[in-house]
Structure formats: C-alpha cells, structure tokens
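Listed here are the chains, written in short residue letters.
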Amino acid sequence: MALVLVVEDELTLAQTIELYLKQASYRTERAGDGKRALELFRAARPDLVILDLGLPELDGLEVLKAIRAESDVPVIILTARAEEIDELLGLGLGADDYLVKPVGARKLMARVQAVLRRSLPAQHARAVHRIGALEVDAYSMVVRVGGRPVDLTPTEFRLLHHLASTPGRAISRNELYEAALPESDAYERAVDTHLANLRRKLGGAGADGLIETVRGIGYRLADLTV
Ligand code: CA
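Note that this is a predicted model, so its numbers are computed, not measured.

## Some thoughts on the sheet that holds strand β2 (residues 27-31)
Logical step 1: Read across the open sheet, the five strands follow the order β2-β1-β3-β4-β5; overall the sheet is parallel. This sheet does not close on itself; its edge strands, each paired only once, are β2 and β5 (97-100). Going across the sheet, the axis of each strand differs from the next one's by a mean of 20 degrees, ignoring polarity.
Logical step 2: As paired strands, strand β3 (residues 48-52) and strand β4 (residues 75-79) are joined by four bridges and run parallel to one another.

Structure below.
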C-alpha cells in the first residue's frame, strides 16, 4: 500500500491525519518539523507528502523547494491561511493540491486518493509479469508472447493475470472463478472452458504448455523462473 509522509507540527492533528490514513489502509510516516521531514523524505521515499506550511526548523515552503529539487512526488499542502495558496501558486512550486485548515477527514482522504490515482499509473505501468517468453502487462491489459500481442477476452486476461502473479502455485478452480468471473452466474466449470481457449491462443502464439493442470485442484502457471 502507498506510503504517505505526514508533515505537521501540531501533534494532535498529525496523529488524527495518520489515523484516517491508516483506516484507509495507507502506511504512514510522521515528521513534526521541516528538517525531520526532509530526512524522512529521503530515507522512506514516500508515495505522497502531506505538508503543513507553518513548521519549526525549516518552514513548509523550504521543504517543498527541497523536495521539488529532487523529486516529482505528489505533495498536498495544508495551510492555515487561504491567502498563502495564491502566493504558492504564484511561485509555481508545483504542489499537487492545497487544503485550508481545518481539514475534514472525508475531504482530505478524497484528495489523497485523487492525487495518488493521478500519480500511481507510472508505477503500475512497471507491474509486468514475465514468465519465459510470456509478458502479462496489468496496466495496459496486454499479453505478449515473444514481444507479439495475443488477443484475449477480458475473462481470459483476468485468468492469465491471476495465474501469472504467482507462477508455480497450484490455484483452485474456485479461486480462479472468483478472480476472473466475479459477476458471472456461470458454473465453476466455466473456468475450464475459458482456460482451454486461453491455452489454445497461447499455444498458437508459441507459448505451449505454460498452463498446467493440477489434478483435482485446478491449474498453475509453469514456473520458468526457477
Ligand atoms: Ca503548523
């Protein structure tokens, strides 16, 4: 889960923000002054920074400048004064969002999620499973064998993606059914039909024998990494 660095010198507010984030399953780090914020930023490499402007040691503006000098990490600014937002925008320092205190939990979480949605595709794009000549790209939903795309139905893609996330693991029909046909009222055996089509397509593309049958259980993807 994404790691959020909370930079806020008012301890109660910082702890409250951390609590909201944790309830939404984010991991958090907390800094109470600007110097500590930069130390933690460099050590923990967060996915998002929530940054208060009024801070001891090094103020929020200096922290933002230092972060921007080395990273495009998304930053949400918290400020006590709405006028500060105009000043900041004028400086063109590239914060991703601005919130004026007091900040409600719901609003803050909505902004956190929106900012992360915009920034995280770049990371998902790297989430490509490679098994031998097979490539399963979860971000673009494209499957390639030897660099050439294979035309799959959405259900076939979900089946293959689920198998490819844990090569070598025997996966039950039921688990594959839940992963690939969640809104379907077909029977579990429908998995077999889709798997047969998937095998045929992969075989046609030159990746034969990748999907193995596990008797009495279901299927597994051959683990070519060992
Ligand atoms: Ca403050």
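Past the structure itself, the notes keep going.
## Here we look at the environment of Asp-208
Logical step 1: When you line up the elements, Asp-208 lands in the loop between α9 (190-204) and β11 (211-214).
Logical step 2: For Asp-208, the contacting residues outside a window of four places in its chain are Leu-202 and Gly-203.

## Re the coordination of the calcium ion
Logical step 1: Taken together, the protein ligands of the calcium ion are Asp-9 (OD), Asp-52 (OD) and Gly-54 (O), with distances of 2.2 to 2.4 Å.
Logical step 2: Every donor residue of the calcium ion comes from the same chain, spaced as D-x42-D-x1-G. A residue pair is termed long-range when its members are at least 10 positions apart, and Asp-9 in the loop between β1 (3-7) and α1 (11-23) and Gly-54 in the loop between β3 and α3 (60-70) qualify at 45 residues.
Logical step 3: Residue classification places Asp-9 among the partly exposed residues on the basis of a relative accessible area of 34%.

## A closer look at unusual backbone geometry
Logical step 1: Geometrically, the link from Lys-101 to Pro-102 is a cis peptide bond, its omega value of -5 degrees lying close to zero.
Logical step 2: When you line up the elements, Pro-102 lands in the loop between β5 and α5 (105-119).
Logical step 3: Unlike most non-glycine residues, Ser-25 shows phi in positive territory, near 70 degrees.
Logical step 4: In this structure, Ser-25 sits in the loop between α1 and β2.
Logical step 5: Residue class for Ser-25 comes out partly exposed when judged on its relative accessible area of 45%.
Logical step 6: One non-glycine residue, Arg-45, lies in positive phi territory at about 45 degrees.
Logical step 7: Here Arg-45 shows up in the loop between α2 (34-44) and β3.

## A look at the domain arrangement of the protein
Logical step 1: Domain boundaries assigned for the protein yield domain 1 (3-119) and domain 2 (124-221).
Logical step 2: Put simply, the middle of domain 1 and the middle of domain 2, counted by C-alpha atoms, are 40 Å apart.

## A short note on the nonpolar core
Logical step 1: Core analysis: the largest hydrophobic core is formed by 27 residues, its most contacted members being Leu-134, Val-143, Leu-160, Leu-195, Leu-202, Ile-211 and Leu-221.
Logical step 2: Taken together, the elements giving at least two residues each to this core come down to β7 (134-137), β8 (142-145), α7 (154-165), α8 (173-180), α9 and β12 (218-221).
Logical step 3: Counting residues per element, this core draws most heavily on α7, at five residues.
Logical step 4: Apart from residues no more than four positions distant in its own chain, Leu-202 is found in contact with Leu-134, Val-143, Val-145, Leu-160, Ala-207, Asp-208 and Ile-211.
Logical step 5: Counting residues in hydrophobic clusters, the runner-up holds 22 residues, among them Leu-38, Val-49, Leu-55 and Val-75.

Each value, and the rule that gives it
Residues numbered from 1 in each chain as written. Predicted model: local features only at pLDDT ≥ 70, side-chain atom pairs only at ≥ 80, totals over all residues. Heavy atoms only, no water. Pairing = 2+ DSSP bridges. Helix = DSSP H or I, 4+ residues; strand = E, 2+ residues; numbered from the N terminus. Axes fitted to C-alpha atoms, helices over the stretch in contact; angles between N-to-C directions. Contact = heavy atoms within 4.5 Å. Donors = N, O, S within 2.8 Å, 3.2 Å for Na, K, Ca; no water. Buried < 20%, exposed > 50% of the residue type's maximum accessible area, 1.4 Å probe, protein only. Domains from an automatic or database assignment. Core = buried A, V, L, I, M, F, W, Y, C linked by side-chain atoms within 4.5 Å.

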